[in-house]
Amino acid sequence: MKIYLVGGAVRDQLLGLPVKEKDWVVVGATVDDMLRAGYRQVGKDFPVFLHPKTNEEYALARTERKVGRGYTGFSFDASPTVSLEEDLKRRDLTINAMAQTPTGEIIDPYHGQADLEKKILRHVSLAFAEDPVRILRVARFNARFGFDVAPDTLLLMRKMVEQGEVDALVAERVWKEFERALIEQHPENFFAVLAACNALAILFPQIISSGTGLIALNQSVKISSSPQIRFAALLHTLSESEIKTLCDRYRVPTDYREMAILVSKFLPYYQDAKNLNTSDLLNLLLATDALRRPGRFNDFLLSCAACSSNPTTDWLLACFEAVKSIEIKELTEHYTGLELAQKIKEKRYLTIESWLKKL
């Protein structure tokens, strides 16, 4: 039995980046060998185990064979005869197909170190074409590192799209890569790569017509690391129905959906905030639920700021603070129910009106 550190941990070490998680491959072992050594089996499709002390993942070396469409259509061989080189060959990119021995020696049969130095994303073998998720991963790694996609890899991705492999992607996997791309340094690259291989029109047709959305996404990176804020900035030119269609298709979490819709509907209010009358300002605060959810209101303002050449964030925050500071205890002592709600609304209206007059 031989154990090697593999994949992203080796890559990130070579790049001088912090290693967030470690994956290990075990060569020359069986399931029974692992269980006898105290590892806990968790894999269903292929043997993956958790270390009894560290809980890190250890997978038996394996080969794969395409037997069906999509990313689930594989059969596996995880016998003790599978070599380390065979296991690394099934991986997506050369920069992810390196291993490290316990003594620190780098095993690099597919020249991943050279591609790291050249800043190239290159497929390891033609087996890349068997898994459509790898198209999304290449796009995400481009968003993370800014590395160029090798011409032959891009050509292979285009062929995969032409053959309909992208159509087999399930919603959860697409959203997972989309969300992870949003937190990278260059999230706009994710969509640029998908466009270059002709997958964007299939996966995100709404985004194709949204050139200003990509500009806002790029601007949002300078404002916040929040993926929800970046998502809302990206979709700000879309209608509510278009946002709902995209979110339904990929089962996007509710907080992302709500923020994107708020920005789509009320961005004009934000951009013209200094010209709004008292009623419009109060309606904006109520529609965004600012007084009950101030954190979300702040995210709304940041999202809008990424989409605007003349941000009004500070101005709207000052209005919000004025309304937030009003005392309603006296009202609650004299009114209840709908009448109380109406009195609170009237007081907020008068507060905004007074605030505007002082400007």
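Everything below is about the structure printed above this text.
Bear in mind the structure is a predicted one, so any value in this text is a computation, not a measurement.

Scoring rules and cut-offs
- Numbering of residues starts from 1 in each chain and follows the order in which that chain's sequence is written.
- In keeping with the predicted nature of the model, local features appear solely for residues at pLDDT of at least 70, side-chain atom pairs appear and are counted solely at 80 or more, and the whole-chain, interface and lining totals rest on all residues.
- Heavy atoms from the whole structure form the basis of all side-chain values; hydrogens and water molecules are not counted.
- The definition of a nonpolar core used throughout is a set of buried Ala, Val, Leu, Ile, Met, Phe, Trp, Tyr and Cys residues joined through side-chain atoms within 4.5 Å.
- Accessible area is worked out with a 1.4 Å probe on protein chains only. A residue is then buried under 20% of its type maximum, exposed over 50%, and partly exposed in between.
- Think of it this way: any DSSP run of H or I at least four residues long counts as a helix, any run of E at least two long counts as a strand, and we number them from the N terminus.
- Working rule for contacts: check all heavy atoms of both residues, and any pair within 4.5 Å makes them a contact.
- Working definition: rings of Phe, Tyr and Trp (its six-membered ring) pair if their centres are within 6.5 Å, and the pair is stacked with planes under 30 degrees apart, edge-to-face with planes over 60 apart, and tilted otherwise.
- Note on geometry: a ring has a charge over it if NZ (lysine) or CZ (arginine) is within 6 Å of the ring centre and within 35 degrees of the ring normal.
- One less than the residue count of a helix, multiplied by 1.5 Å, gives the span that helix is expected to have.
- Read the arc as the range of directions from the helix axis to the C-beta atoms.

A. Looking closely at the nonpolar core. Within the largest apolar cluster, 96 residues are counted, with the highest numbers of intra-cluster contacts made by Phe 178, Leu 194, Leu 203, Phe 204, Phe 231 and Phe 300. Counting residues per element, this core draws most heavily on helix α14 (residues 254-271), at nine residues. Those residues in contact with Phe 231 that sit more than four places away from it in its chain are Trp 175, Phe 178, Leu 182, Leu 246, Cys 247, Val 252, Tyr 256 and Ala 260. Residues Leu 84, Leu 88, Ile 107 and Val 124 belong to the second largest nonpolar core, which totals 12 residues.

B. Spatial organisation of the packing of aromatic side chains. According to the stated counting rule, one finds 19 aromatic pairs in the structure shown. Pairing Phe 231 with Tyr 256 gives two aromatic rings, centres 5.6 Å apart and planes at 85°, and the pair type is edge-to-face. Placement of Phe 231 in helix α12 (residues 227-234) and of Tyr 256 in helix α14 is noted, with a sequence separation of 25 residues between them. One exposure class covers both Phe 231 and Tyr 256, and it is buried. Ring-pair connections join several aromatic residues into one group, and the members of that group are Trp 175, Phe 178, Phe 190, Phe 191, Phe 204, Phe 231, Tyr 250 and Tyr 256. Directly above the aromatic system of Phe 141 lies the positively charged group of Arg 140, at a separation of 5.0 Å from the ring centroid.

C. Up close: helix α6 (residues 151-162). The end-to-end C-alpha distance of α6 is 17 Å, a good match for the 16 Å that 12 residues give at a rise of 1.5 Å each. Considered for burial, the residues of α6 that qualify are Thr 153, Leu 154, Leu 156, Met 157, Met 160 and Val 161. Here the buried residues of α6 occupy an arc of 160° about the axis, which is enough to place them on one side. In α6, the exposed positions angled more than 90 degrees off the buried face are occupied by Pro 151 and Glu 162. Lining the buried residues of α6 we find β10 (120-121), α5 (133-145), β11 (148-149), α8 (188-196) and α9 (200-203). The first or second residue beyond α6 is Gly 164, which carries a positive phi of 85°.

Remember, this is a structural readout, not a statement about activity or role.
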